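Descriptive structure summary
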Amino acid sequence: MDDEILDEQRELVRVLEAHGWDVTESELSVYESPWEEDDTPEATITLTARRQFPESDVPEGAGGGDDDDDNPYRLK
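Quantities reported herein were computed from a predicted structural model and do not represent experimental measurements.

What follows concerns the pattern of salt bridges. When charged atoms on two side chains of opposite charge get close, those side chains can pair. Counted under the stated rule, the structure contains three salt bridges. Here Arg-10 and Asp-7 are joined by a salt bridge, their closest N and O atoms 2.9 Å apart. Pair noted here: Arg-10 and Asp-7 are both in helix H1 (residues 3-18), with a separation of three residues, about one helical turn. By relative accessible area, which is 44% here, Arg-10 ends up partly exposed. Here Asp-22 makes a salt bridge to Arg-50, at a shortest N to O gap of 3.7 Å. Taken as a pair, Asp-22 in strand S1 (residues 22-32) and Arg-50 in strand S2 (residues 41-50) lie far apart in primary sequence, 28 residues in all. Classification of Asp-22 by relative accessible area gives partly exposed; the value is 38%. The exposure class of Arg-50 is partly exposed, given its relative accessible area of 48%.

What follows is the structure, given as structure tokens:
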């Protein structure tokens, strides 16, 4: 695998982490495009990240502070 592609993936992870996100999963796919005539590789990077926000940053009605909710599937 081309080191340049891996460097790009690392840079994307660094950017997310610099903004306070915790990258929990990274998937990289390298392939040759079926639509292009040349053999230039293409890549798809899928990143999964999570970040906790303070309760005060959650907009009203967006899942924070509604104790009257009887939904048994909602985590409280």
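For the rest of this paragraph, the subject is the environment of Ser-33. Take Ser-33: it is sitting in the loop between S1 and S2. Judged by relative accessible area, Ser-33 falls into the buried class, the value being 8%. Ignoring sequence-local partners within four residues, the contact set of Ser-33 consists of Thr-40 and Glu-42.

The next thing to look at is a negative patch on the surface. On the surface, a cluster of negative charge is contributed by Glu-32, Glu-36, Glu-37, Asp-38, Asp-39 and Glu-42. Here Asp-39 shows up in the loop between S1 and S2. Take Asp-39: its relative accessible area is 59%, and that puts it in the exposed class.

For the structure shown, the criterion picks out one aromatic pair. Considering the side-chain rings of Trp-21 and Phe-53, the 6.2 Å spacing of their centres and the 75 degrees angle between planes classify their relative orientation as edge-to-face. Taken as a pair, Trp-21 in the loop between H1 and S1 and Phe-53 in the segment after S2 lie far apart in primary sequence, 32 residues in all. Residue Trp-21 is classed as partly exposed on the basis of its relative accessible area of 30%.

Our next topic: H1. The end-to-end C-alpha distance of H1 is 22 Å, a good match for the 22 Å that 16 residues give at a rise of 1.5 Å each. Taken as a whole, H1 has its buried residues at Ile-5, Gln-9 and Val-13. Buried residues of H1, seen end-on, are gathered within an arc of 80 degrees and therefore sit on one face of the element. Turned more than 90 degrees off the buried face of H1, the exposed positions are Asp-3, Glu-4 and Ala-18. Looking at the buried side of H1, the elements it contacts are S1 and S2.

Calculation notes
- Position numbers for residues count from 1 along each chain, tracking the sequence in the order it is written.
- With the structure being a predicted model, the display of local features is reserved for residues of pLDDT at least 70 and the display and counting of side-chain atom pairs for 80 or more, all residues being used for whole-chain, interface and lining totals.
- Calculation of side-chain values draws on the structure's entire complement of heavy atoms; hydrogens and water are dropped beforehand.
- The salt bridge definition used is simple: a Lys or Arg side-chain nitrogen within 4 Å of an Asp or Glu carboxyl oxygen.
- Counting from the N terminus, the helices are the DSSP runs of H or I reaching at least four residues and the strands are the DSSP runs of E reaching at least two.
- Using a 1.4 Å probe on the protein chains alone, a residue whose accessible area is under 20% of its type maximum counts as buried, one over 50% counts as exposed, and one in between counts as partly exposed.
- Note on definitions: a residue-residue contact is assigned when non-hydrogen atoms from the two residues lie within 4.5 Å.
- Note on patches: the residues involved have over 30% relative accessible area and no salt bridge, like charges join within 9 Å, and the nonpolar side chains Val, Leu, Ile, Met, Phe, Trp and Tyr join within 5 Å.
- Here the accessible surface of atoms and residues is derived via Shrake-Rupley with a 1.4 Å probe, and residues count as covered only by protein chains that are part of the display.
- Charged residues are defined narrowly, with Lys and Arg counted positive, Asp and Glu counted negative, and His plus the chain ends left uncounted.
- Charged groups are reduced to one reference atom each: NZ for lysine, CZ for arginine, CG for aspartic acid, CD for glutamic acid.
- Planes of paired rings set the category: under 30 degrees apart is stacked, over 60 is edge-to-face and the rest tilted, where pairs are Phe, Tyr or Trp rings (Trp by its six-membered ring) whose centres lie within 6.5 Å.
- To estimate the expected span of a helix, subtract one from its residue number and multiply by 1.5 Å.
- To obtain the arc, one takes the directions from the helix axis to the C-beta atoms.

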